[in-house]
Amino acid sequence: MGGSELRFLAPFRGEVLDVPPIWLMRQAGRYLPEYRATRAEAGDFLKLCYTPKLAAEVTLQPIRRYGFDAAILFSDILVVPDALGQAVRFVEGEGPRLDPIRSADGVSRLTLAGAVSKFDVVAETVQRLRQDLPHETALIGFCGAPWTVATYMVQGQGSSDQAEARLWAYRDPEGFEGLIDLLVAASIDYLDRQVKAGADCLQIFDTWAGSLPDDEFDRWVVKPTKTIREALRELHPDVPVIGFPRGAGATAVWYVSETGVNGIGCDTATPPFVMSEAFDEEDVVVQGNLDPLLLVAGGEKLDERVDEILDLMEGKRFIFNLGHGIVPQTPPENVGRLVERVRSKG
Ligand code: CP3
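We now turn to the structure provided with this report. (Residues numbered from 1 in each chain as written. Predicted model: local features only at pLDDT ≥ 70, side-chain atom pairs only at ≥ 80, totals over all residues. Heavy atoms only, no water.)

### Structural notes on the pattern of salt bridges
Next, step 1: Going through the model one piece at a time under the given rule, you end up with 23 salt bridges.
Next, step 2: A salt bridge links D200 to R130, with the nearest nitrogen and oxygen atoms 2.8 Å apart. Remark: R130 occurs in helix α6 (residues 112-132) and D200 occurs in the loop between α9 (173-197) and β5 (201-206); sequence separation between them is 70 residues.
Next, step 3: Among the residues examined, D200 registers a relative accessible area of 6% and is labelled buried.
Next, step 4: Residue classification places R130 among the partly exposed residues on the basis of a relative accessible area of 21%.
Next, step 5: Among the ionic contacts, a cluster of salt bridges with common partners joins D303, D307, R337 and R341. (Salt bridge = Lys/Arg side-chain N within 4 Å of Asp/Glu carboxyl O. Helix = DSSP H or I, 4+ residues; strand = E, 2+ residues; numbered from the N terminus. Buried < 20%, exposed > 50% of the residue type's maximum accessible area, 1.4 Å probe, protein only.)

### Digging into the side chain of T59
Next, step 1: Summarising the element assignment, T59 is placed in helix α3 (residues 52-66).
Next, step 2: Once residues lying within four places of it in the same chain are set aside, the contact partners of T59 are A71, I72, L73, F74 and L129. (Contact = heavy atoms within 4.5 Å.)

### Here we look at the site of the ligand
Next, step 1: In the neighbourhood of the ligand, 22 residues make up the surrounding shell, with R26, R30, Y35, D76 and T207 lying closest.
Next, step 2: A distance of 3.2 Å separates an oxygen atom of the ligand from a polar backbone atom of A28.
Next, step 3: At 2.7 Å, a side-chain N or O of T207 approaches an oxygen atom of the ligand.
Next, step 4: Across the complex, the protein chains shield 88% of the 880 Å² of accessible surface that the ligand would expose by itself.
Next, step 5: Secondary-structure elements contributing two or more residues to the shell around the ligand are α1 (33-42) and β3 (95-98).
Next, step 6: Residue composition of the shell around the ligand, grouped by class: 13 nonpolar, five polar and four charged. (Near = heavy atom within 4 Å. Polar contact = N/O pair within 3.5 Å; in protein donor to acceptor, adjacent residues only side chain to side chain. Areas by Shrake-Rupley, 256 points an atom, 1.4 Å probe, with all protein chains shown as cover. Nonpolar A, V, L, I, M, F, W, Y, C, P; charged D, E, K, R; others polar.)

### Regarding the pairing of strand β8 (residues 285-290)
Next, step 1: Buried residues dominate β8, accounting for six of its six residues.
Next, step 2: Across three bridges, the pairing between strand β7 (residues 263-265) and β8 is parallel. Bridge assignment links I264 to a residue of β8, and that residue is V286.
Next, step 3: Since β7 and β8 lie parallel, the crossover through helix α12 (residues 272-278) that links them has a hand, and here it is right-handed.
Next, step 4: Bridge analysis of β8 against strand β9 (residues 318-322) gives five bridges, and the strand direction is parallel. Note that in β9 the partner of L290 across the bridge is L322. (Pairing = 2+ DSSP bridges. Right-handed = clockwise from strand over helix to strand, strands pointing away.)

### Side note on the pairing of β5
Next, step 1: The buried fraction of β5 amounts to six of the six residues, a majority that puts the element mostly inside the structure.
Next, step 2: Neither face of β5 is left uncovered, since the one carrying C201, Q203 and F205 and the one carrying L202, I204 and D206 both have all their residues buried.
Next, step 3: Inspection of the sheet shows strand β4 (residues 138-144) paired to β5 by five bridges, in the parallel sense. Paired with F142 across the two strands is Q203, which belongs to β5.
Next, step 4: Of the strand pairs in this sheet, β5 and strand β6 (residues 241-245) are connected by five bridges, and their pairing is parallel.

### Some thoughts on the nonpolar core
Next, step 1: In terms of nonpolar packing, the biggest core is built from 124 residues, with F8, F176, L179, L290 and F320 touching the most fellow members.
Next, step 2: Residue contributions to this core peak at 12 residues, all from α9.
Next, step 3: Residue contacts for F8: discarding those within four places in its chain leaves P21, W23, D69, A70, A138, I140, C201, I242 and I319. (Core = buried A, V, L, I, M, F, W, Y, C linked by side-chain atoms within 4.5 Å.)

The quantities given are spatial measurements derived from coordinates; they are silent on function.
Take a look at the structure:
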């Protein structure tokens, strides 16, 4: 599995590198013409996720272009509800659509046993990648955090306030917990299969972690993530897990100490002093946090900010990334400029 000598994993072993490892969230995607071509070949977005040959191809595309230190498995966080039996559709230009689940009755129609065959298709993509990736490139597996995945399952689509999931959680916490518990079990099984197939590292995407206040944040974000992290530590003690609790703000430090994640993904709004100091007492690698829109803007503004982040994180266990995913209007040459800038330092 190449494992221990991978440059990407050095910060998790406690090493500080002169040039930090770099990968970018959504590094495979619509900003790349070759992605758009493969996507057109697949037709449907989920078909792309469930066709190992094509999913592996789009995973490799940004590695060929930029030589990132890590590839991220091409899939989607909504593969999990789809596999559990809540059919997911991606509507062109609009995003995901699901028939909403808002009661324990709806949860009872989902099954983990039924999900296994779709999880295994994704694991097959991982196996292919293990064969096809350059030896120096790490492979990151992932899932959505139970809270974030639940917000889509309950709302039936993306939303700016995640209102339906928050309301269900307030009105009927026991019922909502049934959904979260199912997602915890599914996520453990799904990530376990990804590691067995060859993933070197895992990331848990909690895009909507910032929509919950204190006790709710603890119950629906921290506790489920901790359960997943502990289960994986039992199964695969050496595989690091990065948490990305977007919008967690000041509670990100507590999230780290409670969940036991090995890496913390900082979002775009995380202030420099938090990135460079707030996690000092924790045994954790910091990852982040360039504004994805600076990658659209490009030019000297981009260079300046990259330099600021590198200076700020010098001497720290750090992985360079964005604060959220690459957006489709990003000029590919700006990504090249960024990678070159990071690598020319040190
Ligand atoms: O390169 C990578 O980062 C790996 C692949 C990946 C995708 N989605 C591909 C994708 C990963 C890790 C995700 C995670 C994901 N998916 C998240 C969490 C991270 C985040 O961005 O906040 C969320 C919330 C989703 C759910 C999702 N998937 C939405 C809301 C949408 C529609 C919005 C959009 O950008 O179109 C998707 C679709 C999706 N997932 C695309 C890609 C490349 C675009 C689909 C297309 O090709 O038409």
